[in-house]
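In case you want the letters, here they are:
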Amino acid sequence: MDSVNSSRSDSNAPASLELDLDSAANNLDIVFEQAESLLCDLGEGFSSHVKKLSTIKSRFGEGRFHLAVLGQFKRGKSSLLNALVGYPLLPTSVIPLTAIPTFMEYGPEVQIRIIFKNDQPDQVIKDIPPTEAKSILEKFVTEGAKPKNELGVDQVEVSFPAPLLGEGVILIDTPGIGSTFTHNTEATLNFLPQCDAALFVVSADPPITEVEVQFLKAVKEKIDKLFFIFNKIDYLSESERDESLSFLKKTLAEKIGYDGQLIFCVSARNGLEAKIAEDSELWSKSGV
């Protein structure tokens, strides 16, 4: 008899939980609708807030998770993202590059959507061969091609058929901090509240800088979930890596108050090479 009751109890639990979740979702839909109505009543000056609210509602409904990749220029942010999706999709360079937040999301085909400021219509580029995507992106998201964002681009969305993106993760490449383009740092900080979590990319050469320390203090106020990527480990011997990692942990603890944070040691360059070559051993060694 006990086993029968236990069986009935187990079978009822998921149904009860499902009803509770449905109720919560319905209530949240009502909250979204009421908030949108209030913002619309406030007039055209709040149209940007209506758009942001609509985006949040859509993300919640679709179960999308926004993961931003942050860091000083030339730490390997774009290279890490390329390794994660398994293709050299984002532009990389020896000079400060990314100037516009670039969203990478799942799509069966490669597609690029450019979203402009000031209610300018979106520009959608479809049926793109993967080999051409990088050169198209360079025209819209790089500081060198369009200094100080003269085109008025707000963000760029790239659809790509990568398995990781198919899990609902949206990867976001952000403007690099610490370059001569100070507006990039400002743009990144203003963008952070839209994200669910972030990866902060550092490397050993040079060690973490005062610019990065100050940026991290500001980041701490904007986002709760932050993890660290220690990139370019392929350039270091084992003893050099241990020394650099120890210095990084000490600096994070003493200057920012991050103690015991997860730090992932990777070689984004080797990770991308491994993905392209389908080399599982190199992929494992890359740490990605």
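Residues numbered from 1 in each chain as written. Predicted model: local features only at pLDDT ≥ 70, side-chain atom pairs only at ≥ 80, totals over all residues. Heavy atoms only, no water.

A. Highlighting empty space enclosed by the protein. Summed over the entire model, instances satisfying the criterion amount to three cavities of 30 Å³ or more. Of the pockets and cavities examined, the largest cavity occupies roughly 40 Å³. Lining the largest cavity are Val202, Ser203, Ala204, Pro207, Ile208, Phe230, Ser244, Phe247 and Leu248. Elements that contribute at least two residues to the lining of the largest cavity include exactly strand E7 (197-203) and helix H7 (238-256). Ranked by residues supplied to the lining of the largest cavity, first place goes to H7 with three residues. Residue classes in the lining of the largest cavity are distributed as seven nonpolar, two polar and no charged. (1 Å grid on protein atoms, 1.4 Å probe; cavity = no way out; pocket = protein on both sides within 12 Å on 5 of 7 lines; lining within 4 Å. Points joined across faces, edges and corners; volume = space filled by probe spheres on them. Helix = DSSP H or I, 4+ residues; strand = E, 2+ residues; numbered from the N terminus. Nonpolar A, V, L, I, M, F, W, Y, C, P; charged D, E, K, R; others polar.)

B. Looking closely at the pairing of strand E2 (residues 102-106). For E2, the buried fraction is high: four of the five residues fall into the buried class. Two elements, E2 and strand E5 (residues 153-160), share five bridges in a ladder whose sense is parallel. Following the sheet pairing, Tyr106 is matched in E5 by Phe160. The sheet contact formed by E2 and strand E6 (residues 169-173) spans three bridges and is antiparallel. Along E6, the bridge assignment pairs Met104 with Leu171. (Buried < 20%, exposed > 50% of the residue type's maximum accessible area, 1.4 Å probe, protein only. Pairing = 2+ DSSP bridges.)

C. Representation of the packing of aromatic side chains. A full pass over the atoms with the stated rule returns four aromatic pairs. Measuring from centroid to centroid gives 5.7 Å for Tyr87 and Phe160, while their planes differ by 35 degrees, and the two rings are tilted. Within this pair, whereas Tyr87 is found in the loop between helix H3 (77-85) and E2, its partner Phe160 is found in strand E5, the two being separated by 73 residues in sequence. Taking relative accessible area as the criterion, Tyr87 reaches 22% and is therefore assigned partly exposed. By relative accessible area, Phe160 is classed as buried at 8%. Seen from their ring centres, Phe200 and Phe228 are 6.0 Å apart, and the 65 degrees between their planes marks the pair as edge-to-face. Taken as a pair, Phe200 in strand E7 and Phe228 in strand E8 (residues 226-231) lie far apart in primary sequence, 28 residues in all. (Phe/Tyr/Trp six-rings, centres within 6.5 Å; stacked < 30°, edge-to-face > 60°.)

D. Quick look at the side chain of Glu157. By secondary structure assignment, the location of Glu157 is in strand E5. An unpaired buried charge is present at Glu157: no salt bridge exists, and Arg113, the closest side chain of opposite charge, is 4.0 Å distant. A distance of 3.3 Å separates a polar atom in the side chain of Glu157 from a polar atom in the side chain of Gln155. (Lys, Arg positive; Asp, Glu negative; His and termini not counted. Salt bridge = Lys/Arg side-chain N within 4 Å of Asp/Glu carboxyl O. Polar contact = N/O pair within 3.5 Å; in protein donor to acceptor, adjacent residues only side chain to side chain.)

E. Just helix H6 (residues 210-220), in detail. Of the residues making up H6, those classed as buried are Glu212, Val213, Phe215, Leu216 and Val219. Projection of H6 onto a plane perpendicular to its axis shows the buried side chains occupying an angular sector of 165 degrees, all on one side. (Arc of directions from axis to C-beta.)

F. Main features of the packing of H3 against helix H8 (residues 268-277). Between H3 and H8, the least distance of the axes is 8 Å, while the angle of their chain directions is 25 degrees. Our classification of the angle between H3 and H8 gives roughly parallel. Viewed along their axes, H3 and H8 form a crossing whose handedness is left-handed. Counted together, Ser79, Leu80, Asn82 and Ala83 of H3 and Ala268, Gly271, Leu272 and Lys275 of H8 form the full contact between these two elements. (Axes fitted to C-alpha atoms, helices over the stretch in contact; angles between N-to-C directions. Parallel < 35°, antiparallel > 145°, perpendicular 65-115°, else oblique. Left-handed = near helix turned anticlockwise from the far one by under 90°. Contact = heavy atoms within 4.5 Å.)

G. Molecular detail of the pattern of salt bridges. The full count for this structure, using the stated rule, is six salt bridges. Across the pair Arg113 and Asp122 runs a salt bridge whose closest N-O atoms are separated by 3.5 Å.

H. Representation of the packing of H6 against H7 within the structure. Running from amino to carboxyl end, H6 crosses H7 at an angle of 55 degrees, the nearest separation of the two axes being 11 Å. Considering their axes alone, H6 and H7 lie oblique with respect to each other. In terms of crossing hand, the pair formed by H6 and H7 is right-handed. Mapping the contact onto sequence places Glu210, Val213, Leu216, Lys217 and Lys220 in H6 and Thr251, Leu252, Lys255 and Ile256 in H7.

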